[in-house]
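# Architecture and fold: a report
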Amino acid sequence: FSPLRTVANEASYTTFQILPDQSTAEKLAAADWMTATTTSTKAAATDGLSLNFEHRNAKLHFTVTTKGDDVTTLSSEDITVIGNITPYYSANESNKTIEAIVAPVSADEITSSTSRPTLISFRLAGGDEISVPLPTSISQIEAGKQYNFSITLGHNALTISSVSVTDWTSATITTNDDQAFND
């Protein structure tokens, strides 16, 4: 099976264009590139067909804590992540998250560069920009993995307090309008 091809993503089984604007739940879901394979060549009518879907890109997930007045008006347009992607920013009174789907980055690509790639950048209310490079604990960005970061933003500083890497499994993305999208 091949992914849904659109003019924006030009998807096939072997290629996909990462969407640079992932600022809504719908756009984030559209940036996900999954392909499926099966080990069966023929299935009985009652058995169905078993497919093994795989994410071909990686997902970045940030849990955000903000401090100070310089971040009270933060929106997706104020944030970029690896590859100049505008991520999906979701905020309510108790929870702020940033999510983006990015292309895998090999260890060779990271080590051959003179500096580490920028993980995330914020443009603050006063116009200042804060950027943080990819932490040295991450040597590559792998397909099918979710990279989880806890960050604190405020007072013209950005602190990453935790980093973890997990398998990227199915999840529901809920927008502020209570619409759910599965990825």
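Only a predicted model underlies this, so the values are computations on that prediction, with no experimental measurement involved. (Residues numbered from 1 in each chain as written. Predicted model: local features only at pLDDT ≥ 70, side-chain atom pairs only at ≥ 80, totals over all residues. Heavy atoms only, no water.)

## Some thoughts on the pairing of strand β8 (residues 129–133)
How we decide: Categorising residues by exposure relies on relative accessible area from a 1.4 Å probe, with only protein chains included: less than 20% of the type maximum marks a residue as buried, more than 50% marks it as exposed, and the intermediate range marks it as partly exposed. Working definition: helices are DSSP H or I runs of at least four residues, strands are E runs of at least two. Numbering for both runs from the N terminus. Any two strands with at least two DSSP-identified bridges between them are counted as paired.
Residue alternation in β8 divides its side chains into a buried set, I130 and V132, and an unburied set, E129, S131 and P133. Sheet topology note: the strand β7 (residues 118–123)/β8 ladder contains 5 bridges and is antiparallel. What sits directly across from I120, in β8, is V132. The antiparallel hairpin formed by β7 and β8 contains 5 residues in its connecting segment, where G127 sits at a positive phi of about 100°.

## A look at the confidence of the model for the chain
Rules: Per-residue confidence from the prediction method is given by pLDDT, with values spanning 0 to 100. Contact definition: two residues touch when any of their heavy atoms are within 4.5 Å.
Across the chain, the average pLDDT comes to 78, with 70% of residues at or above 70. Ranking the elements of the chain by mean pLDDT puts strand β12 (residues 180–182) last with 42 and strand β6 (residues 96–102) first with 94. Segment residues 177–183 is flagged for pLDDT under 50; beyond a separation of four residues in sequence, or across chains, it makes 22 contacts in the model.

## Brief notes about the pattern of salt bridges
Selection criterion: We define a salt bridge as a side-chain nitrogen of Lys or Arg found within 4 Å of a carboxyl oxygen belonging to Asp or Glu.
A complete count under the given rule lists 4 salt bridges for this structure. Across the salt bridge formed by K27 and D21, the nearest N and O atoms sit 2.8 Å from each other. One salt bridge connects R123 with D78, and the closest N-O pair in it is separated by 3.4 Å. On the criterion of sequence distance, the pair formed by R123 in strand β7 and D78 in the loop between β3 (58–67) and β4 (79–81) is long-range, its members being 45 residues apart.

## Structural notes on the packing of aromatic side chains
Note the following rule: What counts as a ring pair is set by centres within 6.5 Å for rings of Phe, Tyr and Trp (its six-membered ring), and what kind of pair is set by the plane angle: stacked under 30 degrees, edge-to-face over 60, tilted for all other angles.
The tally for this structure, following the rule as stated, stands at 1 aromatic pair. Note on F62 and F149: the rings are 4.9 Å apart at their centroids and 20° apart in plane angle, and the pair reads as stacked. In this pair, F62 sits in strand β3 while F149 sits in strand β9 (residues 145–154), placing the two residues 87 residues apart along the sequence.

## Brief notes about the sheet that holds β8
The line we're drawing: Angles run from 0 to 180 degrees between N-to-C directions of axes, and those axes are lines fitted to C-alpha atoms, restricted for helices to the stretch in contact.
The strand order β4-β7-β8 describes an open sheet built from 3 strands, whose pairing is antiparallel. Each having just a single partner strand, β4 and β8 make up the two edges of the open sheet. Mean inter-strand twist for the sheet, computed between neighbouring axes without regard to direction, equals 10°.

## Some thoughts on the sheet that holds β3
Think of a sheet as strands paired side by side through backbone hydrogen bonds, with each pair either parallel or antiparallel. Read across the open sheet, the 5 strands follow the order β5-β6-β3-β9-β10; overall the sheet is mixed. Of all strands in the sheet, those bounded by a partner on one side alone are β5 (88–91) and β10 (157–167). Ignoring strand direction, the axes of neighbouring strands in this sheet form an average angle of 20°. As paired strands, β5 and β6 are joined by 4 bridges and run antiparallel to one another. Bridging across to β6, A91 finds its partner in K96.

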